[in-house]
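Report on the structure
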Amino acid sequence: MKTVTRMLVVSVCMFLVSGCWDRREVNDMAIVIAMAMDKEPDGKYRLSIQVPLVSSLGAQSGGGGGTSGDKSYYVDSAVGRTIREANGLIQARMSREIYYSHHRMIVIGEELAKDGVSDVLDIVARFPENRLTAYIVMTKGKGIELLTAQPQFERFSGEAMRELVKMGGISVTLKDVAQMLSTPGLDAILPVLAAVDSHPKGKSKEIEAIGVGLFRHDKLVTISKPKELLGLRLFQRDFTPFSVVLPLTKHERLTITLSKGRANIKPVIRKGHIHFKIELNASAVVVENLSNLDLEEEKNIRMLQAKLVKQINDGVTHMMHTIQKKQSDFIGLGIALSRNYPREWQDRYRNKWNEELPKITYEIRTKVNVVNFGQTTKNITKGEDDHE
């Protein structure tokens, strides 16, 4: 009996150490860094992927369109009736298994964004190797153009896009956009990137943040330019400091960094009318003073804070006009309404909230505190008697 028991133990041990039956070798995989999805004129979908070429990582340039040579990355794409079908077509001509677990960027082309992103994001989320923490952006034109760009600071454009999104103050992951699309009272936003010529103009194509795409439900309605984003940035869940230029006269101006910011939205319903009280609080730091303004004087500080309040109010007012005109609630006014008036929201507003947006009214109250002027309170290059 003991002999039989020993034989069973040995057999089990041999089975456990016999190797991994489902192992994947690195040199058998095509590891995707970034992917792009576009809508073709005939209604089909184009899937594009960016894959590093490990054997050529010493090279300084990139390649695409089915070529490699001494390039450090490879871009390939295919068109299918669905994203999954396009993926199958790429795999059919690739000697390595396409592996998505390490991809960090998803790019949506403009035409696909206008047509609606729900269907393609559904198939992306169903990829068993997909990560919900991947950043998602959109671009004017074709998404594949971002994958074939050749930035100088990063080896792959996918990595350049990731770093830009992280620094830009408005970042959206696949998980974030899924929550936006499934939450009543909130519309989606996506950072907009573009491939632009380097300056001075050279052979490289750099990646640049050019605005934010605003959606109604799952369809793109407009793209806001960077200068129009002051209001939006104050409403982000995770505030990222940013700078504004504050003009004083025709030739004098200051650069101010908003180091902290917080927005509070309080809805009030009176006689069936919705009114929003928007309170904004910000801390500011003077980082550049191209004027004769002496910030030791209390009256100058008050004047500076008043001008900052006006600039912030103008930015938020412009943002609210966009919300009402485009009927896109990208800051979550509906969420604030549902929390404060759950019964009214459920019975009256939930199913037609975007149509209600042009009817709302609002008031904006802003408080700005200038907390730091730097090492000096006035421009050290200006003399006591300097005038404009």
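Chains are numbered independently. Their residues run from 1 in the order of the written sequence. Totals for whole chains, interfaces and linings use all residues, but because this is a predicted model, local features are given only for residues with pLDDT of at least 70 and pairs of side-chain atoms are given and counted only at 80 or more. Note: side-chain values were computed over all heavy atoms of the structure, leaving out hydrogens and water.

In the nomenclature of an unreviewed UniProt entry, the protein corresponds to Ger(X)C family spore germination protein from the organism Brevibacillus antibioticus. According to the UniProt record, the Subcellular location (unreviewed entry) comment for the protein reads "Membrane". UniProt positions are given in the numbering used here, feature names are shortened, and annotations may be inferred rather than shown by experiment. In its Sequence similarities (unreviewed entry) section, UniProt records this for the protein: "Belongs to the GerABKC lipoprotein family."

**Focus: the pattern of salt bridges**
It is possible for side chains bearing opposite charge to pair when their charged atoms get close. For salt bridges, the criterion is a side-chain nitrogen of Lys or Arg within 4 Å of an Asp or Glu carboxyl oxygen. Applying the stated rule across the entire model yields 18 salt bridges. Lysine 166 is the partner of glutamate 163 in a salt bridge, and the nearest nitrogen-oxygen pair spans 3.8 Å. One end of the pair is glutamate 163 and the other is lysine 166, both in helix 6 (residues 157-167) and three residues apart, which spans about a single turn. Classification of residues uses two cut-offs on accessible area relative to the type maximum, computed with a 1.4 Å probe and protein chains only: under 20% is buried, over 50% is exposed, and between them is partly exposed. We classify glutamate 163 as partly exposed; its relative accessible area is 25%. Residue classification places lysine 166 among the partly exposed positions, given a relative accessible area of 41%. The residue glutamate 297 makes a salt bridge to lysine 299 at a minimum N-O spacing of 4.0 Å. Owing to a relative accessible area of 53%, lysine 299 belongs among the exposed residues under this scheme. A cluster of three or more residues bridged by salt bridges with shared partners is formed by Arg104, Glu159, Arg162, Glu163 and Lys166. Numbering goes from the N terminus for both helices and strands, where a helix is a DSSP run of H or I of at least four residues and a strand is a run of E of at least two.

**A short note on the pairing of strand 8 (residues 189-197)**
Note that strand 7 (residues 135-139) and strand 8 share two bridges and pair parallel. Its bridge partner being in strand 8, threonine 139 is matched across the sheet by leucine 193. A pair of strands is considered paired only if DSSP assigns at least 2 bridges between the two. Across nine bridges, the pairing between strand 8 and strand 9 (residues 205-216) is antiparallel. Bridge pairing in strand 9 links valine 192 to glycine 211.

**Structural notes on helix 7 (residues 174-182)**
Within the sequence span of helix 7, burial applies to Leu174, Asp176, Val177 and Met180. When helix 7 is viewed along its axis, its buried side chains cluster within an angular range of 160° and face the same direction. Of the surrounding secondary structure, the elements contacted by the buried residues of helix 7 are strand 6 (105-109), helix 4 (118-126), strand 7 and strand 8. Within this analysis, the arc is defined by the directions that extend from the helix axis to the C-beta atoms. Only heavy atoms enter the contact rule, under which two residues are in contact if any of them lie within 4.5 Å.

**Section: the sheet that holds strand 2 (residues 34-39)**
Pairing between the strands of a sheet comes from backbone hydrogen bonds, and it takes one of two forms, parallel or antiparallel. Taken in spatial order, the eight strands of this open sheet run 4-3-2-6-7-8-9-10, and their pairing is mixed. The open sheet terminates on both sides in strands that have one partner only, identified here as strand 4 (73-80) and strand 10 (219-224). Taking each pair of neighbouring strands and ignoring which way they run, the sheet shows an average axis angle of 30°. As paired elements, strand 2 and strand 6 share four bridges and run parallel to each other. Across the sheet, the residue bridging to alanine 34 is methionine 105, located in strand 6. Between N-to-C directions, angles cover 0 to 180 degrees, with each direction set by a line fitted to C-alpha atoms, over the stretch in contact for helices. Along the sheet, helix 2 (residues 83-92) makes contact with strand 2, strand 3 (45-52) and strand 4, crossing strand 4 at roughly 130°. The strands that helix 4 touches are strand 2, strand 3, strand 6 and strand 7; relative to strand 2, the one it contacts most, it runs at about 150°.

**A word on the sheet that holds strand 13 (residues 273-290)**
One open sheet accounts for four strands, arranged 11-12-13-14; its pairing is mixed. Two strands bound the open sheet, and with one partner strand each, they are strand 11 (242-247) and strand 14 (361-372). This sheet shows a mean twist of 35° between the axes of neighbouring strands, independent of strand direction. When strand 13 meets strand 14, the two strands line up parallel, connected through 11 bridges. Its bridge partner lying in strand 14, glutamate 279 is registered against arginine 365. Packing of helix 9 (residues 298-326) onto the sheet brings it into contact with strand 11, strand 12 (253-270), strand 13 and strand 14, and relative to strand 14 it is tilted by some 145°.

**Remarks on the packing of aromatic side chains**
Whether two aromatic rings pair depends on their centres lying within 6.5 Å, for rings of Phe, Tyr and Trp, where Trp uses its six-membered ring; planes under 30 degrees apart make the pair stacked, over 60 edge-to-face, and the rest tilted. What the rule picks out here adds up to five aromatic pairs. Between tyrosine 73 and phenylalanine 156, the aromatic rings sit 6.2 Å apart at their centres with planes inclined by 75°, giving edge-to-face as the arrangement. You can see tyrosine 73 sitting in strand 4 and its partner phenylalanine 156 sitting in the loop between helix 5 (144-147) and helix 6, a full 83 residues away along the chain. Phenylalanine 156 shares its class with tyrosine 73; the two are buried. Aromatic pair phenylalanine 276 and tryptophan 353: ring centres 6.4 Å apart, planes at 70°, arrangement edge-to-face. With phenylalanine 276 in strand 13 and tryptophan 353 in helix 12 (residues 353-356), this residue pair connects regions lying 77 residues apart in the sequence. We note that phenylalanine 276, like tryptophan 353, is buried. Here the aromatic cluster, defined as three or more aromatic residues joined through ring pairs, consists of Phe276, Trp345, Tyr349 and Trp353.

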